[in-house]
Amino acid sequence: MIKDFLAQDERKDMLRLLTAGSVDDGKSTLIGRLLFDSKRLYEDQLQALYRDSRQGCSGEADYALLCDGLKAEREQGITIDVAYRYFATSRRKFIIADTPGHEQYTRNMVTGGSTADLAIILVDVRQGITLQTRRHSHLIDMLGIKHIILAINKMDSIGYRKEPFNNIASAYRCWASAQGFSFSTLNIIPISALCGDNVINRSDNMAWYSGPTLLELLESTPLSSASGLSPFRMPVQYIIRPNQDFRGFAGRVASGTLSVGDSVTVLPSGKSSRVAQIFTGSTLCHHAFAPQSVTIVLEDQIDISRGDMIVRSDQQQPAVGQRLSALMVWMDEVPLEAERLYYLKQGTTTVRATVKSIDYLLDINSGGKSHCNTLSLNQIAGVELLCSAPLVCDSYSDNRHTGAFIIIDPMSNYTSAAGIILGVQATDTAIDNQSVIKISLSQNGFSAEDIELLNHFCRVVESRCGITINCTE
Amino acid sequence: MNYNLSHLRALEAESIEIIREVAAEFSAPVMLYSIGKDSSVMAHLAKKAFYPGKVPFPLMHIDSKWKFSEMITFRDNFARENDWELIVEYNRKAYEEGVGPFTHGSKIHTELMKTRALLDALQKYGFDAAFGGARRDEEKSRAKERIFSFRDRQQQWEPRNQRPELWNIYNTRIGKGESIRVFPLSNWTEIDIWQYIRHEKIAVVPLYFAAERNVVDIDGNLILVDDMRMPKELRERAVKRRVRFRTLGCYPLTGAIESSADTIEGIVEEMIFATKSERTTRVIDFDREASMEQKKREGYF
């Protein structure tokens, strides 16, 4: 019996979700509910027994444990940023990225939301849609999270009445459609995290609600990675070469599917070949698909190195270019310095990059744009970037993996910003021959002894992408 | 064609990506191998990541000299069978002075034979990245630790100032003398580990499975009589019980649980119904007995 249970259990998939909201909205209670009640449910499924659905506000003591943990962190003065928590049912494993609602909300939400397939936005039914709700919605849309659950909480506190719920639900739908969000699904449910209504168990207190419970929604939301529709992309991460006869290109499939025999193009070189073999781990396979880690062997001996991207020749090609327009979320206490050379890491490529211009500052509360000259912690701006070598990428709205990057401070090595690619200008060898970029050596972590090395770097840049850089003391 | 990846395969894909990223970006990585079940899974994933090539970094075991003897046998067999370079390091000075949990207490023992030994070994070989098998579900403080966790020149972790970690783009840049601890199993839970061991038929130390063993009840903890270094008065109290271990470490500090689970299925079944976390069976406090000795130690070292 246990063997059958395990065999079935192994087949479940994995969903990553973000919880947005503050402790005041009952977020800790909701997470506690999910963690503890799902374990109970798991036990029940194994025992093939049914418990009475839990009524009334009992069992609060269980959740105190979790909340205490958060309190302890606060007392220790540890920055509460993103904490990851885990639970599972017999259908799915869930990873919750739990981020605080108030302090540093932008940095934390962007971090937690970057890997999320789904977001739960919590609303206190007595408060309705707040500035925070709108802000969270904008950030979630910006991050390309396609499945949204608006959980209207604390229904117990208003006697489980239908009207307040309906008013908030229709107000939110109306506002969200006016914003032009690209959510695939938007579900709105009335819950009480404290009493457990519609979280795991269906509530008898709200007979007027006939939709799914929160857990039912979490279990049934389709995974975006499970679609074979996007074009195939695999940034080459590592070359496996145990002997002269074997040359495997290892990497994680960012999107799409690939089969043995398919024609592939390697970018940025543009050389092509056919797929001879695909390995997932030590197993030979006919197909590869996102998000597998695979090793690909090609029919022809072509020069490929880390940072290149393998794509399918018969599908839409990614952009190749050095000039990006992007949204950048600043995460560093040290503000952005224009014309400073940062590191930019995208996929498996790291290049040097500088912000040429800040086009606008994005107001995350309203989606509005305004002018600005610099970018500091938790601000989001539309920028133009110039890279030292061409990037192979897609726009973030087309591909959440090949359209994302991070910015690293060359001095502190801190992750200073998260970037979302909006568009790429095709490589033009004549770019900016006139423009002068002044870079302070000391500000970029170089000393006078590094001049020789820097000149070498400049020549590499020149030979690879036609940008001439002169380096003088 | 079904393009849905099971949770175990999704976790595996993520871990392999992390392991490859380290091999590509660091000049001297090492995999810390503790011989436990998580280490067994991590090592298995590393072999998969570079197949059909060899894993391009060594394993390192920090031997506290108080591990279960079955662990050491398992370790040596594992490295030999896989033709994998294994570095074994221990704190020679403390070992020669006879540091151990029975005489010095768990705090001093852990500090000298585990923490100090690890830091010295990392420095000795100049490793710039070290894989560890820790999981975020093990304890609360780990829930927020990054997968690529930065260590400064003093090899210290600063939870207040961690680098944001976004998408699957890992910041691997470090300065001279700094290093990164990498946790490829961050998103695995204990049950995932056992399911994967079962599915992939990964060998683990037999102590995880229930068997009749000689144990002594010390303050409610069942301690295995693993060798003659256990004080005689304790050894004399040993009784045969059917027990297994949820975690493995130094034998005097690792309590067994009474169990009849002698298969992975049995372990998983027990786990689903278990109320205690696996950490509660680890590190027994001998410190009260050792406080005098501790003072001497502190003055001495």
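Preceding this paragraph is the structure being described.
Predicted, not measured: the structure shown is a model, and the values here were computed from it.

A. Just the overall build of chain A, in detail. Looking only at helices and strands, chain A features 8 helices and 23 strands. Looking at chain A as a whole, 57% of its 473 residues qualify as buried. The contacts of chain A with a sequence gap of at least 6 include a subset with a gap of at least 24, amounting to 72%.

B. Region of interest: the interface of chain B and chain A. Taken together, the 65 residues of chain B in the interface contact 81 residues of chain A. Together, Y3, R20 and W167 of chain B form the three largest contributors to the area buried by chain B at its contact with chain A, with a combined 14%. Inspection of the region where chain B meets chain A yields 27 residue pairs in polar contact (both at pLDDT 80 or more). For the side of chain B that touches chain A, the secondary structure elements donating two or more residues are α1 (7-25), α2 (37-50), α6 (190-200) and α8 (264-273) of chain B.

C. View of the nonpolar core. Counting 163 residues, the largest nonpolar core has L218 of chain A together with F57 and W194 of chain B as the members making the most contacts within it. The element contributing the most residues to this core is α1 of chain B, with 8 residues. Those residues in contact with F57 of chain B that sit more than four places away from it in its chain are I19, A23, P29, M31, A46, F50, W84 and F131 of chain B. Grouped together as the second largest cluster of nonpolar side chains are 25 residues, L344, V351, I358 and L385 of chain A included.

D. Representation of unusual backbone geometry in the model. Residues and elements named next belong to chain A. A cis amide bond links L267 to the next residue, P268, at an omega of 10°. In this fold, P268 is placed in the loop between β11 (263-267) and β12 (271-280). Geometrically, the link from A290 to P291 is a cis peptide bond, its omega value of 0° lying close to zero. Its place among the elements puts P291 in the loop between β14 (287-289) and β15 (293-298). For N378, which is not a glycine, the phi torsion comes out positive at approximately 75°.

E. Structural context of the packing of helix α5 (residues 131-142) of chain A against helix α6 (residues 162-179) of chain A. All names here are of chain A. Running from N to C, α5 and α6 cross one another at 40°; their axes reach a closest spacing of 12 Å. Relative to α6, the element α5 lies oblique. In the packing of α5 onto α6, the handedness of the crossing is right-handed. Along its contact with α5, which presents T133, R134, S137 and H138, the element α6 presents Y172, W175 and Q179.

F. Here's a closer look at the packing of aromatic side chains. Evaluation of the coordinates by the stated rule reveals 27 aromatic pairs over all chains. A centroid spacing of 6.1 Å and a plane angle of 40° characterise the contact between F78 of chain B and W84 of chain B, whose relative ring orientation is tilted. For the pair F78 of chain B and W84 of chain B, one class covers both residues: buried. Over the ring of Y343 of chain A we find R173 of chain B, and its NZ or CZ is 3.5 Å from the ring centre.

G. Focus on the pairing of strand β7 (residues 211-218) of chain B. All names here are of chain B. Both β7 and strand β9 (residues 239-244) contribute to a ladder of 5 bridges, which runs antiparallel. In the strand pairing of β9, N214 is matched with K240. Relative to strand β8 (residues 221-224), β7 runs antiparallel, the two sharing 4 bridges. Residue pairing in the sheet places V215 in a bridge with L224 of β8. Here β7 folds back onto β8, and the loop between the two strands holds 2 residues, one of which, D219, carries a positive phi near 50°.

H. The arrangement of the packing of α1 of chain B against α6 of chain B in detail. Residues and elements named next belong to chain B. Contact pair α1 / α6: the axes reach a minimum separation of 10 Å and the direction vectors enclose 95°. Relative to α6, the element α1 lies roughly perpendicular. The segment α1 lies against α6, with H7, L8, R9, L11 and E12 engaging D192, Q195, Y196, H199 and E200. Among the residues making up the contact of α1 with α6, the classes are represented as 3 nonpolar, 3 polar and 4 charged.

I. Geometry of the sheet that holds strand β2 (residues 59-62) of chain B. Residue and element names in this part refer to chain B. If you walk across this open sheet you meet the 6 strands as β3-β2-β1-β4-β6-β5, and the pairing is mixed. A strand with exactly one partner marks an edge of an open sheet, and here the two such strands are β3 (86-89) and β5 (148-151). Averaged over all adjacent pairs, the angle separating strand axes in this sheet is 30°, with direction ignored. Judged from the 4 bridges that link them, β5 and strand β6 (residues 179-182) form a sheet pairing that is antiparallel. Counterpart to S149 in the pairing with β6 is R181.

J. Main features of the pattern of salt bridges. Counted under the stated rule, the structure contains 43 salt bridges over all chains. Between E178 of chain B and R153 of chain B there is a salt bridge; the shortest N-O distance is 3.6 Å. You can see E178 of chain B sitting in the loop between β5 and β6 and its partner R153 of chain B sitting in the loop between β5 and β6, a full 25 residues away along the chain. In this structure, D262 of chain B and R242 of chain B form a salt bridge, with 3.5 Å as the shortest nitrogen-oxygen distance. With D262 of chain B in the loop between β10 (257-258) and α8 and R242 of chain B in strand β9, this residue pair connects regions lying 20 residues apart in the sequence. Its relative accessible area of 43% is what places D262 of chain B among the partly exposed residues. Sharing partners across several salt bridges, the network here consists of R306 and K345 of chain A together with E21 and E25 of chain B.

About the cut-offs
Residues numbered from 1 in each chain as written. Chains lettered and ligands numbered in written order. Predicted model: local features only at pLDDT ≥ 70, side-chain atom pairs only at ≥ 80, totals over all residues. Heavy atoms only, no water. Helix = DSSP H or I, 4+ residues; strand = E, 2+ residues; numbered from the N terminus. Buried < 20%, exposed > 50% of the residue type's maximum accessible area, 1.4 Å probe, protein only. Contact = heavy atoms within 4.5 Å. Buried area = accessible area lost by both parts, 1.4 Å probe. Polar contact = N/O pair within 3.5 Å; in protein donor to acceptor, adjacent residues only side chain to side chain. Core = buried A, V, L, I, M, F, W, Y, C linked by side-chain atoms within 4.5 Å. Axes fitted to C-alpha atoms, helices over the stretch in contact; angles between N-to-C directions. Parallel < 35°, antiparallel > 145°, perpendicular 65-115°, else oblique. Left-handed = near helix turned anticlockwise from the far one by under 90°. Phe/Tyr/Trp six-rings, centres within 6.5 Å; stacked < 30°, edge-to-face > 60°. Lys NZ or Arg CZ within 6 Å of the ring centre and 35° of its normal. Pairing = 2+ DSSP bridges. Nonpolar A, V, L, I, M, F, W, Y, C, P; charged D, E, K, R; others polar. Salt bridge = Lys/Arg side-chain N within 4 Å of Asp/Glu carboxyl O.

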